[in-house]
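Structural description and commentary
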Amino acid sequence: MEGQRIIEHPILGAPKKGELVTFTFDGKEMQGYEGEPVAAALRALGILKHRETAKLHRPRGIFCAIGRCTDCVMVVDGVPNTRTCITALKAGMKVETQYGCTNQKTW
């Protein structure tokens, strides 16, 4: 799990590492450190795709990693368009790949 982990962000510095907790990603149990950004936990697990664009279905993931863009948005605990690069991971959190703007697969 540590192989892909972001050790230090050039702007945000070293992430704070809490307890190892369990969360779900697209229905599968995963583990990450409480308080770290959801995007960082996913990256450490080798998961780089966070969403697909609505029109062309292109994959998107971490881009700016400071909450300015929307490339890392996902559905978190039922809330679409959650910026995972600035959302702290919590035990039991439900994280889902987002399809389009509201996670409704219409294609």
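Before any of the text, the structure's been laid out above.
Residues numbered from 1 in each chain as written. Predicted model: local features only at pLDDT ≥ 70, side-chain atom pairs only at ≥ 80, totals over all residues. Heavy atoms only, no water.

With that settled, the discussion passes to the nonpolar core. Ranked by internal contacts, the top residues of the largest apolar core, which has 13 residues, are Phe-23, Phe-25, Leu-42, Leu-89, Met-93 and Val-95. Where this core is concerned, the elements lending two or more residues are β1 (20-25), α1 (38-44) and β5 (73-76). Not counting residues up to four positions away in its chain, the partners in contact with Leu-42 are Phe-23, Phe-25, Ile-47, His-50, Met-74 and Val-95. (Core = buried A, V, L, I, M, F, W, Y, C linked by side-chain atoms within 4.5 Å. Buried < 20%, exposed > 50% of the residue type's maximum accessible area, 1.4 Å probe, protein only. Helix = DSSP H or I, 4+ residues; strand = E, 2+ residues; numbered from the N terminus. Contact = heavy atoms within 4.5 Å.)

With that settled, the discussion passes to the sheet that holds strand β4 (residues 59-60). What the three strands build is an open sheet, ordered β4-β3-β8; its pairing is mixed. Both outer strands of the open sheet, β4 and β8 (98-99), are each paired with one neighbouring strand and no more. Relative to β4, strand β3 (residues 51-52) runs antiparallel, the two sharing two bridges. By the bridge assignment, Arg-51 is partnered in β4 with Arg-60. (Pairing = 2+ DSSP bridges.)

Here Ala-65, not a glycine, exhibits a phi torsion of approximately 65°, which is positive. Structurally, Ala-65 is set in the loop between β4 and β5. Here Ala-65 falls in the buried class, since its relative accessible area comes to 18%. With a phi close to 50°, Asp-77 is a non-glycine residue in the positive phi region. With respect to the secondary-structure elements, Asp-77 resides in the loop between β5 and β6 (79-83). Classification of Asp-77 as partly exposed rests on a relative accessible area of 43%.

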